[in-house]
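These are the residues of each chain, in order.
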Amino acid sequence: MKRGKFSNEDRIRCEILTMQRTGKSKTPRRHGPKKASSTEKDPVGVYCRIRPLGAEDEECCVDMISSSTIQLHAPDGLKANRNGEYKETQYTFKKIFGINTTQIELFEEIAKPLIDDLIDCKNGLLFTYGVTGSGKTFTMTGAPGDGGLLPRSLDMLFNSIGSFQAKRFVFKPDEKNGMEIQNQVDALLERQKRESQQSVPKTPSSRQRADPEFADMISAEEACKSENVDEDCCYSVFVSYVEIYNNYIYDLLEDASFDPIRSKWLGGGTPVRNNEFIPPQSKILREDQNHNMYVSGCTEVEVKSTEEAFEVFWKGQKKRRTANTQLNRESSRSHSVFTVKLAQAPLDADGDHILQDRNQVNVSQLCLVDLAGSERTSRTRAEGSRLREAGNINQSLMTLRTCMEVLRENQMYGTNKMVPYRDSKVTHLFKNYFDGEGKVRMILCVNPKADDYEETMLVMRFAEMTQEVEVARPADGPIYVLPAGRRQRHQASRDEMSRRIEERGGPGNSDDPNLLNRLIESLPALPPSEVVDAFDDQTLPRLVEVLEKRQHIRQMISEQFKTKANTLMSMLQQFDNQHSAKETFLHNQQSKLNEKDKVVVSQRTELERLEKKSKMLEYKIDILQKTTDMYEQDKRSLQHELETREQRLQRELGERRRLEQRMHGVVTDTRHKWEKECERRVNAKQLEMQNKLWVKDEKLKQLKAIVTESSSTGGASSTECPEKPARPSRERDKNITQKRSASPSPTPTALPVHPMHRRSHSAGGEKWVDHKPSSNLDLDTVMQPIIPNAIKVSTPSEKALSKCQKYVLRHQELASDGEIETKLIKGNVFKTRGGGQAVQFTDIETLTQECPTAPSRKRRSGSAEGRVQRENNENVPPVSSSSHGYQK
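Let us look at the structure shown here. Worth saying up front: this structure is predicted, and the values here are computed from it rather than measured. (Residues numbered from 1 in each chain as written. Predicted model: local features only at pLDDT ≥ 70, side-chain atom pairs only at ≥ 80, totals over all residues. Heavy atoms only, no water.)

Notes on the overall build of the chain
Reasoning step 1: Scanning the chain from N- to C-terminus turns up 18 helices and 27 strands.
Reasoning step 2: Relative to its 888 residues, the chain shows a buried fraction of 35%. (Helix = DSSP H or I, 4+ residues; strand = E, 2+ residues; numbered from the N terminus. Buried < 20%, exposed > 50% of the residue type's maximum accessible area, 1.4 Å probe, protein only.)

So this is what it looks like as structure tokens:
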């Protein structure tokens, strides 16, 4: 029997070793690292939760329009201050949860699908976002009797894999974001080693009483489990808890000295270092071989139950930094990240042990993030370290917004801008979720009170924009080629073998006392063995005979036992052969079923993809429909405005035509008026020119008469007045005089000579520049301006001006009587500040030549008075007049 048992175990071990070494078809194929598909992407799921108001009389600025639309309106006080500029705005999210939403409803909609994906080897990220005091921590953690998303997620995970968990230390983190696998012996040694080390605290046992603050968080009626658990795999859960404080990462599960009363940082940001307290060291981010970011040196604790996971979480929660501000009594001053890692590996072909192959270990993780709320220091009145914390929180959230905006721009417009993940530890840690693959869910927590209106508007705008960012859809979990149901078959085989051994009275019942008593009673009874004297020769032979019979019966029973054992072994061998044949048949059927399953899975995947695509198209159609409605409304308003403007334009055109007609009449009247005025002026000008021509003719005649009289008399007395020649009659003048009016009496042309009160400036000893333009005419008069010590130039130059102190310009122009008038414009030369020369005019002298016999043009025809006046002026010589100017 022992030999047969040894042979069976040896055969099983040899088969396992052969399968592991040779790599037959039963060994599951190694799946390479998942690669994100460039075509299959899902948008970030954004949900909105509205918390109840703190008091009933508080003003509310948020209204829930539908299950996916929320409306934000400005409070009355803000409208009064801003002159009513704010309008009502609507925002659309995937789903909106009102103030009466329970934690279980929120979990069923958001977190439960992420736990299903976690068991199916898919990563997930769930984070809460909002202003301070909007209920983010309550949504994530919950309260006693009303657990949040985190405790419910852990409870569902352990309810699903509770009976399929591996023993402790079978899975072991390799400190490089990977997972190693150990055999049963190494795991047992590791457990004994951890238990023997007193310095290392033990992992809290699941049998210990849970922390009272987490007691009864989830009722038995609300417990749930996943249906897609692979029973042919073994699972282990590892949790870690870190916080990001002032852009530094700290491990909340690290066993370091911690003082919950004293702050970990001084007001200036310097760590407290003394004998009593040493703050924990910050951790750094690293990238593993699959380009995933992780916190290096972070503590990962293996937990086996929901209570144990709660205990670990509460241990780190006590170390998380919170503070009392003006807006929140327990305001989170850091971003917390609780990571749940699920390691799973398939069982071997017999369903008894885990495959000792590290390549078959699959690790998936779910990050539950509680972001600190954005806040305005003007409202919180933060100072010192609180002010520094608020600045770092707002900066990290601003970096998150910037990354989302750049990702959206790259995906929508095809640009390739660099996403600034490294500007903040929050975005750098979750870089692989947005660049790689995994489901991302965001819960926007909103406080509807009116005081948070402006902050709420900003976070809603960012959350609505985040929905347009797409993340690669995670690949399906690995499909193992080993036959399914290995664990159940192994358990059924063990139960069947135990039952058969018990039925045949095998060693399974050897310890039964009733069977041992019946076996002893079947043997011959021992005779009395008391020896009375030394010569008793009957007692001993009788005892020897009974013992020999017992020995014979024992041998017979032993032979029968061996015979039955051999029969049982043959039956077991036959059963094994039949079992192998059935297993082969089942394996073939399972292969066919797997092929069908693959087809079904592919069809189901395609169906899911089409459904998601349909939902996405419906979502886009809704958006396009809303956009179309907006455009139609704008179109109608623009058409109405266009019609109004056309009517106004028609009215203006009518008014313009009437104005043109009116102006045309005015222009016509004005043209007739000016035509008459021009005709009158032309006639007057013609008359004036005829008078001038007559005056010149008279002058010529008088001059001719004087010359003739002088030459004929040859020395007559100059006092005798020459006889005035008669004006020849002209027919033209007669006609003109009949039309024109009488001219006024001519005035004497002789100018009175005034005595000079000062000497002319030209008579001094200064040096002059005599500027006589080349266009001036020589009049050949007796009196000529003679300036001594002068430089005569036709064009003034700087060189000539620099040598003189005075300047004179000879300017000629036509006087009103037709004679040429010469003006001497005089001035002083002085140097300018820039080194040049400038002239300042000070005086003007006028030289006028007049004819003594010239009559005045304003005389009346046939007037005797005019003739006498002209005779008195004939002997007056030309007079030079001087007029003095003034300084500019």
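Examining the sheet that holds strand β4 (residues 69-72)
Reasoning step 1: Taken in spatial order, the three strands line up as β3-β4-β5 in an open sheet, and their pairing is antiparallel. Edge positions in the open sheet fall to β3 (62-64) and β5 (89-92), since each of these has one partner strand only. Recorded for the sheet is a direction-independent mean angle of 25° between the axes of neighbouring strands.
Reasoning step 2: Taken together, the four bridges between β4 and β5 define a ladder with antiparallel strand orientation. Residue pairing in the sheet places Leu72 in a bridge with Thr89 of β5. (Pairing = 2+ DSSP bridges. Axes fitted to C-alpha atoms, helices over the stretch in contact; angles between N-to-C directions.)

Comments concerning the pairing of strand β26 (residues 820-831)
Working note: regular strand, side chains alternate between the two faces of the sheet.
Reasoning step 1: Bridge count between strand β25 (residues 806-814) and β26: nine bridges; the pairing is antiparallel. The partner of Leu809 across the bridge, within β26, is Ile825.
Reasoning step 2: Between β25 and β26, which pair antiparallel in sequence order, lie five residues; one of them, Gly818, sits at a positive phi of approximately 95°.
Reasoning step 3: Pairing of β26 with strand β27 (residues 837-848), which is carried by eleven bridges, proceeds in the antiparallel orientation. Considered in β27, the bridge of Leu824 is made with Glu845.
Reasoning step 4: A loop of five residues connects β26 with β27, the two strands running antiparallel in sequence, and Gly835 in this loop sits at a positive phi of about 100°.

Notes on the environment of Leu118
Reasoning step 1: Of note, Leu118 is situated in helix α3 (residues 103-119).
Reasoning step 2: Setting aside anything within four residues of it in sequence, one finds Leu118 in contact with Leu157, Val340, Leu342, Gln344, Ser364, Gln365 and Leu366. (Contact = heavy atoms within 4.5 Å.)

Thoughts on a negative patch on the surface
Reasoning step 1: A contiguous patch of negative charge on the surface is contributed by Glu56, Asp57, Glu58, Glu59, Asp76 and Asp451.
Reasoning step 2: Within the secondary structure layout, Glu59 lies in the loop between β2 (45-50) and β3. (Patch = residues over 30% accessible without salt bridge, like charges linked within 9 Å, V, L, I, M, F, W, Y side chains within 5 Å. Areas by Shrake-Rupley, 256 points an atom, 1.4 Å probe, with all protein chains shown as cover. Salt bridge = Lys/Arg side-chain N within 4 Å of Asp/Glu carboxyl O. Lys, Arg positive; Asp, Glu negative; His and termini not counted. Charge placed at Lys NZ, Arg CZ, Asp CG, Glu CD.)

Notes on the pattern of salt bridges
Reasoning step 1: The tally for this structure, following the rule as stated, stands at 29 salt bridges.
Reasoning step 2: If you follow the salt bridges from partner to partner, you end up with Asp146, Arg152 and Glu222 in one network.

What to know about the packing of α3 against helix α5 (residues 149-161)
Reasoning step 1: Contact geometry for α3 and α5: axes closest at 9 Å, N-to-C directions at 45°. Between α3 and α5, the angle is such that the two are oblique. At the point where α3 passes α5, the crossing takes the right-handed sense. Residues Gln103, Ile104, Leu106, Phe107, Ala111, Lys112, Ile115, Asp116, Leu118 and Ile119 of α3 lie in contact with α5, whose contacting residues are Leu149, Arg152, Ser153, Met156, Leu157 and Ser160.
Reasoning step 2: Counted by class, the contact of α3 with α5 contains ten nonpolar, three polar and three charged residues. (Parallel < 35°, antiparallel > 145°, perpendicular 65-115°, else oblique. Left-handed = near helix turned anticlockwise from the far one by under 90°. Nonpolar A, V, L, I, M, F, W, Y, C, P; charged D, E, K, R; others polar.)

Quick look at the nonpolar core
Reasoning step 1: Residues Ile70, Phe93, Tyr129, Phe430 and Leu444 are the most contacted members of the largest nonpolar core, which totals 55 residues.
Reasoning step 2: Apart from the residues within four sequence positions on either side, Ile70 is in contact with Cys48, Ile50, Val62, Asp63, Ile65, Thr89, Gln90, Tyr91, Phe93, Ile96 and Met460. (Core = buried A, V, L, I, M, F, W, Y, C linked by side-chain atoms within 4.5 Å.)

Details of helix α7 (residues 306-317)
Reasoning step 1: Taking 1.5 Å of rise per residue, twelve residues should cover 16 Å, and α7 covers 16 Å from first to last C-alpha, within 8% of that figure.
Reasoning step 2: Most of α7 sits out of view: nine of its twelve residues are buried.
Reasoning step 3: Among the residues making up α7, those that are buried are Thr306, Glu308, Ala309, Phe310, Val312, Phe313, Trp314, Gly316 and Gln317.
Reasoning step 4: Its buried side turned inward, α7 meets α5, β12 (233-245), β16 (301-303) and β19 (335-346). (Expected span 1.5 Å × (residues − 1).)

Concerning helix α6 (residues 184-196)
Reasoning step 1: Over its 13 residues, α6 extends 18 Å from the first C-alpha to the last, a length consistent with the 18 Å expected when each residue adds 1.5 Å.
Reasoning step 2: Turning to α6, its buried residues number three or more, namely Ala187, Glu190 and Arg191. Buried positions in α6, seen along its axis, are confined to an arc of 100° and lie on one side of it. Projecting away from the buried face of α6 at angles above 90 degrees are the exposed residues Val185 and Ser196.
Reasoning step 3: Against the buried residues of α6 lie β10 (171-173). (Arc of directions from axis to C-beta.)

Considerations on the side chain of Asp155
Reasoning step 1: Take Asp155: it is sitting in helix α5.
Reasoning step 2: Despite its burial, Asp155 pairs with no opposite charge, the nearest such side chain being Arg152 at 7.1 Å.
Reasoning step 3: Discounting residues that sit within four places of it in the chain, Asp155 has contacts with Ile218, Ala223, Cys224 and Thr306.

A word on the pairing of β19
Reasoning step 1: Taken across its twelve residues, β19 has twelve buried, putting it largely inside the fold.
Reasoning step 2: Residues His335, Val337, Thr339, Lys341, Ala343 and Ala345 of β19 are buried on one face, and the alternating residues Ser336, Phe338, Val340, Leu342, Gln344 and Pro346, pointing to the opposite face, are buried as well.
Reasoning step 3: Two strands pair when backbone bridges link them, and β12 and β19 are joined in this way by twelve bridges, in the antiparallel orientation. Each bridged residue has a counterpart across the sheet, and for Tyr241 the counterpart in β19 is Phe338.
Reasoning step 4: Here β19 runs beside strand β20 (residues 362-370); their pairing, made up of nine bridges, is antiparallel. Following the sheet pairing, Phe338 is matched in β20 by Leu368.

Some points on unusual backbone geometry
Glycine aside, the phi torsion of most residues is negative, and most peptide linkages are trans.
Reasoning step 1: Phi angles above zero are rare outside glycine, and Cys121 is one such case at about 65°.
Reasoning step 2: Locating Cys121 in the fold gives a position in the loop between α3 and β7 (124-130).
Reasoning step 3: For Asn789, which is not a glycine, the phi torsion comes out positive at approximately 55°.
Reasoning step 4: As for its placement among the helices and strands, Asn789 is situated in the loop between β23 (768-771) and β24 (790-793).
Reasoning step 5: Given a relative accessible area of 48%, Asn789 falls into the partly exposed group.

Observations regarding the sheet that holds β27
Reasoning step 1: Strand order across the open sheet formed by five strands is β24-β23-β25-β26-β27, with mixed pairing between neighbours. Looking along the sheet, the strands with just one partner apiece sit at the ends: β24 and β27. Adjacent strand axes in the sheet meet at a mean angle of 25° when their direction is disregarded.
Reasoning step 2: Two elements, β23 and β25, share four bridges in a ladder whose sense is parallel. Each bridged residue has a counterpart across the sheet, and for Asp770 the counterpart in β25 is Val808.

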